[in-house]
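Working through the structure, step by step
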Amino acid sequence: MTIIKRGVAALAAGALSTALAVPAFAEPVKFDFWFGLSGDLARVVDTLCKNFNESQKDYEVVCTSQGNYDATLQNTIAAFRAGKQPTVVQVYDVGTATMMLSGAYKPADKLMEENGYKIDYSDYFPGIARYYATSKGEMLSFPFNSSTALMYWNKDAFAKIGKTEAPKTWEDVGADLKALKDAGYDCPMAINISANESWQLMEQFSALHNQPIATKNNGYDGLDARLEVNKTKFVQYVTDLKKWYDAGLVKIKSKDLGQDMVQAFATGTCQLILTSVGDHGTVGRTQKEGMNWDVAELPVYAGTERKNSLVGGASLWVLSGKSDAEYKGAAAFLNFVHDPKTALFWSTNTGYIPVTKSGFDFMKSNGFYDKAPYKGREVAIASLTASEPTEITRGVRLGNFTQIRAEFGTQMQAIFANKVSVQEGLDALVKNGDAILERFQQTYPGKTLP
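In this text the structure is predicted, and so the values were computed from the model without any measurement.

1. Structural notes on the sheet that holds strand β6 (residues 149-154)
Read from one edge of the open sheet, three strands run β9-β6-β10, paired in antiparallel fashion. Both edges of this open sheet fall to β9 (272-276) and β10 (293-296), since each of them pairs with a single strand only. The mean inter-strand angle of the sheet, taken between neighbouring strand axes irrespective of direction, is 30 degrees. In this structure, β6 lies alongside β9, joined through five bridges in antiparallel fashion. Its bridge partner being in β9, Ala149 is matched across the sheet by Ser276. Against the sheet, helix α9 (residues 198-208) contacts β6 and β9, and its axis sits at roughly 85 degrees relative to β9.

Written out as structure tokens, the structure is:
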């Protein structure tokens, strides 16, 4: 072998040994996250996932929208049976009981502890944490997108009836609606009575007045809970709404009728609505030019000791049957979502509110709530923290609650169409809703909620 050839061979051998000595860069561990948001909100989630992936090199979350909440839960159940479930999944609030009883999850608090993350769970707003926690206060999932209901009011319209503040009681609302009608406003207040409005009309009202929706502390204390909204203050509330509707003070607005109530408010067609803080950005972007409006906490009946409103939205569950590496990635992702800086990004780009006190304080220190378009959203935090949650106002934990909400819509439509009286409609809601609860109970014989 020539000297040149021996030199080349030596160099090649040296290069090979060096290459073998230097470890190859490991590919990031991939894990799936399925969520139920769509449209603009889905794009924000995609950006959130991208931000996480760019913040470190060890893990890569693959985020996939399932289109809506119902599809996400059903697709997850089907995937779990096939052994193809995601590592992390977003489950909406009313799916909490189903997830708890499934046993198909890894408790989020234990996941974080096992992977070395110290989470101060007392940092979560109590009204949010207790909705998703067990009866012992254990956090099985991480609160994610959260909201509550507010009253939106047209300040220009109210100024014409001599009012500079939003009504605080339902008695005041009744008087103000009549004054607005007398001042020439065709639609003083807009409501919707579909299944989805159970959250605004029945669930929020009941919480603020510390009135039960069901026995067993709204289902937290047993699967044998049954509805009782036909014998609480909710009866008076529906009676008043129907009375105002008959008098032309309240109009029903929905997409099916050509204009939903948020659009009706933003265009100045209707002067008062009850809807999620999540609609705050929509109103701001689509409002009639020059319209002055604001938000306030939902009214209560005079003499009521106001309680906290309920959180709506969804939480993040980590499913069982995954590898240790995927769980490490999931823990890192949940820790990233929990960071106050992520809360600022999330609330800036959506209408959702921060779920932790530290996130809220960080946003305030950055001037988030000081001016439009975000000024006013802090009212949602005031509503959620109006009191320490009671055994009733911590939430609703009823099985197949989506079906109960559908029954709510059916009976409310019957009431407002004069097919049944208020009491008859609510009695039917309870009767049919209890049948739904009984079927759910029979699906899980001998089981109890954690």
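Following the structure, the description resumes.
2. Quick look at the environment of Leu274
Here Leu274 lies in strand β9. Between the C-alpha atoms of Leu274 and Asp240, which are 34 residues apart in sequence, the distance is 15 Å. Filtering out sequence-adjacent residues up to four positions away, Leu274 remains in contact with Leu150, Met151, Trp170, Met189, Gln200, Leu201, Tyr237, Met261 and Leu298.

3. What about the pattern of salt bridges?
Under the definition given, this model contains 16 salt bridges. With a shortest N-O distance of 2.8 Å, Arg405 and Glu203 are connected by a salt bridge. You can see Arg405 sitting in helix α18 (residues 401-416) and its partner Glu203 sitting in helix α9, a full 202 residues away along the chain. Residues Arg405 and Glu203 agree in their burial class; the two are buried. Residue Asp339 pairs with Lys341 through a salt bridge whose shortest N-O separation is 3.3 Å. By relative accessible area, which is 24% here, Asp339 ends up partly exposed.

4. Notes on the packing of aromatic side chains
Applying the stated criterion across every chain yields a total of 31 aromatic pairs. Where Tyr124 meets Phe142, the ring centres are 6.1 Å apart and the plane angle is 75 degrees; that geometry is what we call edge-to-face. Placement of Tyr124 in the loop between α5 (108-114) and α6 (126-132) and of Phe142 in strand β5 (residues 142-147) is noted, with a sequence separation of 18 residues between them. As far as burial versus exposure is concerned, Tyr124 and Phe142 are alike and both buried. Through a chain of ring-to-ring contacts, the aromatic side chains of Phe31, Phe33, Phe35, Phe52, Phe144, Phe333, Phe336, Trp346 and Tyr352 assemble into a single cluster. The ring of Tyr327 is capped by Lys106, whose NZ or CZ atom sits 5.1 Å from the centre of that ring.

What counts as what
Residues numbered from 1 in each chain as written. Predicted model: local features only at pLDDT ≥ 70, side-chain atom pairs only at ≥ 80, totals over all residues. Heavy atoms only, no water. Pairing = 2+ DSSP bridges. Helix = DSSP H or I, 4+ residues; strand = E, 2+ residues; numbered from the N terminus. Axes fitted to C-alpha atoms, helices over the stretch in contact; angles between N-to-C directions. Contact = heavy atoms within 4.5 Å. Salt bridge = Lys/Arg side-chain N within 4 Å of Asp/Glu carboxyl O. Buried < 20%, exposed > 50% of the residue type's maximum accessible area, 1.4 Å probe, protein only. Phe/Tyr/Trp six-rings, centres within 6.5 Å; stacked < 30°, edge-to-face > 60°. Lys NZ or Arg CZ within 6 Å of the ring centre and 35° of its normal.

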